[in-house]
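Descriptive analysis of the structure
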Amino acid sequence: MGNIIATGFNAGSINGEIESFEEDLRALAEIGVDTVELGLTTLDVIAGGRIIKDRAERLVEMTRKFDFRYTVHGLVSSNFMDPATCRYHIDAAKALVELCDRVDARILVQHGGCLRGDQIFDRPEADLREREALLELAEFAKPYGVRIALENIFTTEPGQYRQTPAEVAETVKAVNHQNVVALIDFSHAYIESTYRGLNFREQIAAMAPVAGHLHLHDSFGRPQGFYKGFHPQENTAMGIGDLHMPLGWGDIDWDDIFKELKFLPGTVAMMEIGRRYRSEQPESLQRARRLLAVNGSNSAIAAE
């Protein structure tokens, strides 16, 4: 086995309640998944940075019904760059670290930050603010054995300040803490590379040496722009945006990427391909397992 130790799918609640979350986990267990990324912020389990005790207990009870390896996705809206809300994001992330420990998850996904176009005056401090927040969170997470995985995101509005994938890697290097790793979201990197005129493969190659978590889902790397599909399926028909499609539906060359790149030991390759594609999940699972085998074989050859 190579440095990638597992693959699986993300899961969450569709109505803020435990029951729909459990339904998602049960369906994943039935198709043979062994690793799940828990979208804990789809539940009302944290309020103002504090864990809601009874709901947390129900969450733990629910996760113990399954024999999964767990990782946890933090706030999708997480933003350590924003001066007005940074403290709230840190407090919520610390609560999520505690929940990681309770459900025996050792990775917490943290989205890279951003600034609005009208916050241009704050950009010189934004990177520093994010690094200091990551360091504080990493020190908090260290006794729990939880690693913070900083994920590359793509530009979502005109004039927004957002780090490129290579710059996310530089942030991880600058923080220089054993509990902070990079998270490569390949489709996000593809979209941002198209938007900025960057080389997609060079951007993800820059992240790989410090990457300890991966997000896999397919796309065509086409920025959303101002196109708004009426139905979500219309975005898919156009091949536009952050589509989270099954592997093979887009045009990312997964085989070549996993032959080429090496990642940190203990990496999980998590597929963010949700219940909308339940019928396609088994095929994506098999494909992802083949990618892990290819990557592991390539790592073994490189080490000889």
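An account of the accompanying structure is given in this report. The structure displayed is predicted, hence computed values, not measured ones.

**Quick word on the sheet that holds strand E5 (residues 69-73)**
Pairing in this closed barrel of eight strands is parallel, and the strands run E1-E2-E5-E6-E8-E10-E11-E12 around the ring. For this sheet the average axis-to-axis angle between neighbouring strands, irrespective of direction, equals 30°. Here strand E1 (residues 4-11) runs beside strand E2 (residues 35-39); their pairing, made up of three bridges, is parallel. Following the sheet pairing, phenylalanine 9 is matched in E2 by valine 36. Strand contacts of helix H4 (residues 123-141): strand E6 (105-111), strand E8 (147-151) and strand E10 (180-185), with the helix running at about 150° to E8, the strand carrying the most contacts.

**Examining the pattern of salt bridges**
In the structure shown here, the tally under the stated rule is 18 salt bridges. Between arginine 26 and glutamate 22 there is a salt bridge, with the nearest N and O atoms lying 2.7 Å from each other. Residue arginine 26 and its partner glutamate 22 are both found in helix H1 (residues 18-30); the two are separated by four residues, about one turn of the helix. Since its relative accessible area comes to 15%, glutamate 22 is described here as buried. A salt bridge links lysine 94 to glutamate 136; the shortest N-O distance between them is 2.8 Å. Pair noted here: lysine 94 is in helix H3 (residues 86-102) and glutamate 136 is in helix H4, with a separation of 42 residues, a long-range link. In this structure glutamate 136 comes out as partly exposed when scored by relative accessible area, which is 29%. Through salt bridges that share partners, Arg87, Asp91, Lys94 and Glu136 make up one connected network.

**Looking at the nonpolar core**
Judged by nonpolar contacts, the single largest core of 75 residues is most densely connected at Leu25, Phe186, Leu214, Leu216, Phe258 and Phe263. Take this core: its biggest share by element is seven residues, from H3. When sequence neighbours within four positions are dropped, the list of residues in contact with leucine 216 reads Phe186, Leu247, Trp254, Phe258, Ala269, Met270, Met271, Glu272, Ile273 and Leu291. In terms of nonpolar packing, the next biggest core, distinct from the first, is built from five residues, Ile107, Ala149, Val181 and Leu183 among them.

**Section: the packing of aromatic side chains**
What the rule picks out here adds up to eight aromatic pairs. Considering the side-chain rings of phenylalanine 66 and phenylalanine 68, the 5.5 Å spacing of their centres and the 15° angle between planes classify their relative orientation as stacked. By relative accessible area, which is 11% here, phenylalanine 68 ends up buried. Ring geometry for phenylalanine 186 versus phenylalanine 258: centroids 5.8 Å apart, planes at 45°, classification tilted. Of this pair, phenylalanine 186 sits in helix H6 (residues 186-196) while phenylalanine 258 is found in helix H9 (residues 254-260), placing the two residues 72 residues apart along the sequence. Classification of phenylalanine 186 by relative accessible area gives buried; the value is 0%.

**As for the side chain of histidine 213**
By secondary structure assignment, the location of histidine 213 is in strand E11 (residues 211-216). On the basis of relative accessible area, histidine 213 is assigned to the buried category, the value being 0%. For histidine 213, the side chain forms a polar contact with the side chain of glutamate 37, separated by 2.7 Å. Excluding residues that lie within four positions of it along the chain, histidine 213 makes contacts with Glu37, Thr71, Ile107, Val109, Ala149, Ala182, Leu183, Ile184, Thr267, Val268 and Met270.

Reading the values: the criteria
Residues numbered from 1 in each chain as written. Predicted model: local features only at pLDDT ≥ 70, side-chain atom pairs only at ≥ 80, totals over all residues. Heavy atoms only, no water. Pairing = 2+ DSSP bridges. Helix = DSSP H or I, 4+ residues; strand = E, 2+ residues; numbered from the N terminus. Axes fitted to C-alpha atoms, helices over the stretch in contact; angles between N-to-C directions. Contact = heavy atoms within 4.5 Å. Salt bridge = Lys/Arg side-chain N within 4 Å of Asp/Glu carboxyl O. Buried < 20%, exposed > 50% of the residue type's maximum accessible area, 1.4 Å probe, protein only. Core = buried A, V, L, I, M, F, W, Y, C linked by side-chain atoms within 4.5 Å. Phe/Tyr/Trp six-rings, centres within 6.5 Å; stacked < 30°, edge-to-face > 60°. Polar contact = N/O pair within 3.5 Å; in protein donor to acceptor, adjacent residues only side chain to side chain.

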